[in-house]
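Each chain, written out:
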Amino acid sequence: MTPRPYTLIAELTYRCPLRCPYCSNPTDYLAYKNELTTEDWCRVFGEAEELGVVQLHLTGGEPLARKDLEVLAARAREVGLYVNLVTSGIPLTRERLLGLAQAGVDHVQVSVQSSRAELADEIGGYAGHARKLDVMRWVKELDLPLTMNVVLHRANLDEIDELVALAEEVGADRLELANTQYLNWALSNRDVLLPTREQIERAAEKAAPHRERLRGRMDVLFVKPDYFGATPKACMDGWARRFVQIVPDGRVVPCHAATSITALVFENVRGRPLKEIWASSPALLAYRGEAWMQEPCRSCDRRAIDFGGCRCQAFALTGDAAATDPACHLSAHRASIDTAHAAADAGGQARRYLYRGKPPNEGKTTP
Amino acid sequence: MLVIDAAFVPRLGRKARLKLDRHANKYMIIYPERGLELNDAAAAIAKKCDGSRSVAVIAAELAAEHEGAPRDAIEQDVVAFVSMLRDKGLLQV
């Protein structure tokens, strides 16, 4: 039976003023020039609602780069979707934010790179931290729910207390402390970003009491990295199961990194209704359910819990997208992750990020 | 922590939207990046969490709507449901 997707992740554009070294966009993001039109997206939002979607993430890249964002938010709200705006907050004025709230944005998620302005701007590759603080305050002044999202890695993982304090100060309703997932740009920067195992344990210990203390006022989420555990994460709650994602050029994918699996051909909403693509696209059927599984996944007790982990990570680290996720202790390739961790524990690489928006060799990590 | 008792007047927060899901024909509370599917009993309570009635009044109304249902047990259910909303940050405070 075809599963019901509850969430549509609409990547409106890959344009973005920030250049975060863990960006979830594809490393060939510059090739996505042919963005869907306003009319395309408006039609797709209706098709998504018919398919069962209730949550919409307007994201990117930076969704604010789309001049029609207000129209899109209004259309999404009109068909009954809960509209999450996932943004860097750059560039945004209070007037535009008010317009977006009036158009129908239900919730705003703002990314923050660090509690310290100087480091935040270095990580983001853009002097935007001060403005982000303004944006978060505006969100609360307009009485919109606010999530402050921080992607955690070696350079900011020791800031848990300061990040919680910042989230409290701006009045966030949710704080996502999400460890980097090493795909796309983050995989390119893995040796610089990967923290020590001790850092992760300490950060988790620091986050737990804040979560208890703030229960009911602020939802504090600390997402442990899959590299750290013995079993893989239930990536996207299973391939093409609960989440449907559309990339800027209109192709329907199951997640942020799926286009990195080079053998898969994803169908485009320009050519076919979303419902048909969801039900029968060979790329979405490829890893939906359990039929694709090999050993040790095929006979594993956890196969309905973690779905074999992340297909994109399996492909990136083993060359076989149907392999067990190397984050699993049962994977024959687990050593590739343990080796990376050991290198991080031994001191890691100097903080020289490979930024998007720069030629491949400039800023490249050197030993 | 907010105490949920008979006198407490619950109201769904700004971030929560109560919605009839036309696909499953069940009510849901949708909030940032999450959704909560409600059974019929929970939906009946949620619809009354609009800032105009106390927990005791909600329980009395539900008892009246369902003849023979014990009011005390219903009040316990309302307290439990509203406490869950509180823990998820879905109440206006």
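Data block above holds the structure.
As a starting point, this report considers the structure included with it.

**With respect to the overall build of chain A**
Next, step 1: Scanning chain A from N- to C-terminus turns up 14 helices and nine strands.
Next, step 2: Computed over its C-alpha atoms, the radius of gyration of chain A comes to 20 Å, within 12% of the 21 Å expected for a compact globule of 367 residues.
Next, step 3: Once the C-alpha set of chain A is aligned to its principal axes, its extents read approximately 50 × 50 × 45 Å.
Next, step 4: Residues counted as buried form 57% of the 367 residues belonging to chain A.
Next, step 5: Put simply, 73% of the contacts in chain A that link residues at least 6 apart link residues at least 24 apart.
Next, step 6: Total accessible area on chain A is roughly 14500 Å²; 53% of this is exposed by carbon and sulfur atoms.

**Digging into the packing of helix H2 (residues 69-78) of chain A against helix H3 (residues 94-103) of chain A**
Residue and element names in this part refer to chain A.
Next, step 1: Between H2 and H3, whose axes approach to 8 Å, the crossing angle comes to 20°. When the axes of H2 and H3 are compared, the pair comes out roughly parallel. Handedness of the H2/H3 crossing: right-handed. Contacts between H2 and H3 pair Leu69, Glu70, Ala73, Ala74 and Arg77 from the former with Arg96, Gly99, Leu100 and Ala103 from the latter.
Next, step 2: For the contact of H2 with H3, a count of residues per class yields five nonpolar, one polar and three charged.

**Notes on the sheet that holds strand S3 (residues 82-87) of chain A**
Residues and elements named next belong to chain A.
Next, step 1: Strand order in the open sheet made by the nine strands is S7-S6-S5-S4-S3-S2-S1-S8-S9, with mixed pairing throughout. Both edges of this open sheet fall to strand S7 (219-223) and strand S9 (252-253), since each of them pairs with a single strand only.
Next, step 2: As judged from the two bridges shared by strand S8 (residues 243-246) and S9, these two strands associate in the antiparallel manner. Paired with Gln245 across the strands is Val253, a residue of S9.

**Structural notes on the pattern of salt bridges**
Residue and element names in this part refer to chain A.
Next, step 1: According to the stated counting rule, one finds 41 salt bridges over all chains in the structure shown.
Next, step 2: Arg137 is the partner of Glu169 in a salt bridge, and the nearest nitrogen-oxygen pair spans 3.0 Å. Placement of the pair is Glu169 in helix H6 (residues 160-170) and Arg137 in helix H5 (residues 129-141), with a sequence separation of 32 residues.
Next, step 3: Residue class for Glu169 comes out exposed when judged on its relative accessible area of 56%.

**Here we look at the interface of chain B and chain A**
Next, step 1: Across the contact, 19 residues belong to chain B and 26 residues belong to chain A.
Next, step 2: Taking both sides of the interface into account, the surface hidden between chain B and chain A amounts to around 2000 Å²; carbon and sulfur atoms contribute 46%.
Next, step 3: Ranking the residues of chain B by area buried against chain A places Arg14, Arg17 and Glu33 of chain B at the top, with a combined share of 33%.
Next, step 4: On the surface where chain B and chain A come into contact, there are five salt bridges.

**Some remarks on the packing of helix H2 (residues 55-65) of chain B against helix H3 (residues 71-87) of chain B**
For any two helices packed against each other, one specifies the crossing angle of their axes together with the interaxial distance.
All names here are of chain B.
Next, step 1: Two elements in contact, H2 and H3, have axes whose closest approach is 9 Å; the angle formed by their N-to-C orientations is 130°. Here H2 is positioned oblique relative to H3, judged by the angle of their axes. Crossing of H2 against H3: the hand is right-handed. Where H2 abuts H3, its residues Val55, Ala56, Ile58, Ala59, Ala60, Leu62 and Ala63 lie against Arg71, Ile74, Glu75, Val78 and Val79.
Next, step 2: A per-class count over the contact of H2 with H3 returns 10 nonpolar, no polar and two charged.

**A look at the pairing of strand S2 (residues 55-59) of chain A**
Residues and elements named next belong to chain A.
Next, step 1: Counting buried positions along S2 gives five out of five residues, so the element sits mostly inside the fold.
Next, step 2: The alternating pattern of S2 places Gln55, His57 and Thr59 and Leu56 and Leu58 on opposite faces, both of which are buried.
Next, step 3: Sheet topology note: the strand S1 (residues 7-11)/S2 ladder contains five bridges and is parallel. If you follow Leu8 over to S2, its bridge partner there is Leu56.

**Structural notes on unusual backbone geometry**
Residues and elements named next belong to chain A.
Next, step 1: A cis geometry characterises the amide bond from Gly60 onward to Gly61, with omega recorded as 10°.
Next, step 2: Its location among the elements puts Gly61 in the loop between S2 and H2.
Next, step 3: The residue after Glu295, namely Pro296, is reached through a cis peptide bond having omega 5°.
Next, step 4: Assignment of secondary structure puts Pro296 in the loop between helix H11 (282-285) and helix H12 (303-306).

**Quick notes on the side chain of Gln109 of chain A**
Next, step 1: Along the polypeptide, Gln109 of chain A turns up in strand S4 (residues 107-111).
Next, step 2: Looking at Gln109 of chain A, the relative accessible area reads 9%, which means it is buried.
Next, step 3: Excluding anything up to four places from it in sequence, Gln109 of chain A contacts Leu85, Val86, Thr87, Thr147, Asn149 and Glu176 of chain A together with Glu33 of chain B.

What counts as what
Residues numbered from 1 in each chain as written. Chains lettered and ligands numbered in written order. Predicted model: local features only at pLDDT ≥ 70, side-chain atom pairs only at ≥ 80, totals over all residues. Heavy atoms only, no water. Helix = DSSP H or I, 4+ residues; strand = E, 2+ residues; numbered from the N terminus. Rg over C-alpha atoms; globule rule 2.2 N^0.38 Å. Buried < 20%, exposed > 50% of the residue type's maximum accessible area, 1.4 Å probe, protein only. Contact = heavy atoms within 4.5 Å. Areas by Shrake-Rupley, 256 points an atom, 1.4 Å probe, with all protein chains shown as cover. Axes fitted to C-alpha atoms, helices over the stretch in contact; angles between N-to-C directions. Parallel < 35°, antiparallel > 145°, perpendicular 65-115°, else oblique. Left-handed = near helix turned anticlockwise from the far one by under 90°. Nonpolar A, V, L, I, M, F, W, Y, C, P; charged D, E, K, R; others polar. Pairing = 2+ DSSP bridges. Salt bridge = Lys/Arg side-chain N within 4 Å of Asp/Glu carboxyl O. Buried area = accessible area lost by both parts, 1.4 Å probe.

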